[in-house]
Amino acid sequence: MPSILLLTSSPRVDSLSTTIAADLVEKIKAQQPGSAVVRRDLAANPLPHIDDLFTAAIRKPADERTAAEAAAVKTSDELVAELLAADTIVIGTGLINFNIYSSLKTWIDNVARAGLTFTYTESGPVGLATGKKVYVVLASGGVYSQGPAAGMNHAVPYLKSVLGFLGITDIETIYVEGLAFGPEAAEKAIGAAKARAEEIALAA
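Reference entry: report on the structure contained in this document.

A closer look at the nonpolar core
Ranked by size, the top nonpolar core spans 31 residues in total, and within it Leu 83, Ile 89, Ile 91, Trp 107, Val 134 and Ile 168 carry the most contacts. Those elements that place two or more of their residues in this core are β1 (3-8), α3 (67-85), β3 (88-94), α4 (102-111), β6 (133-139) and α5 (155-165). Residue contributions to this core peak at five residues, all from α5. Among all residues touching Ile 89, those that are not within four sequence positions of it are Leu 5, Leu 7, Leu 83, Lys 132, Lys 133, Val 134, Tyr 135 and Ile 168.

In structure tokens, the structure reads:
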């Protein structure tokens, strides 16, 4: 059974990144009947930041952890299992201070686990979360996919770098940008993003 993991991270009630990401998942699911969908609203249900207890726990075999250490990594273990089980991952985020929301960064900190999602070898690190397709829905007031502000878009390069480190390299970005340039520009951007989501779903 195909599995889709939906990660949304915007705290905005009217978030376009969340709306379009969720709509994309529903469209893909319609093309793949029986698909299981796991949703993580990282803004509404923020994850714990990693701390000393967490970092101590992940350096030990599971059967050697104290009760407190086991509890510290329980959520992370669940997140890793969801990631590894997913065939398709849809990520919704706004561009905040030129990067992703901190809630999404915390998810990454929880799933980047040596021995589980990547491993070290004599020739360097190797990602273990392979064979997945990722769609990133990125909303922004300005235009960051191209033009003079493109160099300030650290969200997409970062996501491609860190997901690539985990073995996930098939990544496509759906931009919903220029939203602050007036109603006409916003309407055009939203329409283009929705059209691209439709194309993706039909090809899924």
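There is more to say, and it comes next.
Quick word on the packing of aromatic side chains
Within this structure, the stated rule accounts for three aromatic pairs. On the numbers, 5.3 Å between centres and 85 degrees between planes, the contact of Phe 118 with Tyr 120 is edge-to-face. A residue is classified by how much of its surface remains accessible, and Phe 118, at 7% relative accessible area, is buried. With a centroid separation of 4.7 Å and 55 degrees between ring planes, the pair formed by Phe 118 and Phe 165 is classed as tilted. Linking Phe 118 in strand β4 (residues 118-121) with Phe 165 in helix α5, this pair joins segments that are 47 residues apart in sequence. Given the relative accessible area of 32%, Phe 165 is considered partly exposed. An aromatic cluster of at least three residues, connected via ring pairs, comprises Phe 118, Tyr 120 and Phe 165.

Notes on the pattern of salt bridges
Summed over the entire model, instances satisfying the criterion amount to 12 salt bridges. Note that Lys 27 is salt-bridged to Glu 198, the shortest N-O span being 3.8 Å. One end of the pair, Lys 27, is in helix α1 (residues 16-31); the other, Glu 198, is in helix α6 (residues 183-203), with 171 residues separating them in the sequence. On the basis of relative accessibility, which here comes to 35%, the residue Glu 198 falls in the partly exposed class.

Examining the sheet that holds strand β2 (residues 36-41)
Each strand in a sheet pairs with another by means of backbone hydrogen bonds, the pair being arranged parallel or else antiparallel. Read from one edge of the open sheet, five strands run β2-β1-β3-β6-β7, paired in parallel fashion. Unpaired on one side and paired on the other, β2 and β7 (170-176) mark the two borders of the sheet. When the angles between neighbouring strand axes are averaged without regard to direction, this sheet yields 15 degrees. Bridge count between β1 and β2: six bridges; the pairing is parallel. Residue Leu 7 lies in a different strand from β2, and its bridge partner there is Arg 40. Strands in contact with α3 are β1, β2 and β3; relative to β2, the strand with the most contacts, it is inclined by about 140 degrees.

Cut-offs used in this document
- Residues numbered from 1 in each chain as written.
- Predicted model: local features only at pLDDT ≥ 70, side-chain atom pairs only at ≥ 80, totals over all residues.
- Heavy atoms only, no water.
- Core = buried A, V, L, I, M, F, W, Y, C linked by side-chain atoms within 4.5 Å.
- Buried < 20%, exposed > 50% of the residue type's maximum accessible area, 1.4 Å probe, protein only.
- Helix = DSSP H or I, 4+ residues; strand = E, 2+ residues; numbered from the N terminus.
- Contact = heavy atoms within 4.5 Å.
- Phe/Tyr/Trp six-rings, centres within 6.5 Å; stacked < 30°, edge-to-face > 60°.
- Salt bridge = Lys/Arg side-chain N within 4 Å of Asp/Glu carboxyl O.
- Pairing = 2+ DSSP bridges.
- Axes fitted to C-alpha atoms, helices over the stretch in contact; angles between N-to-C directions.

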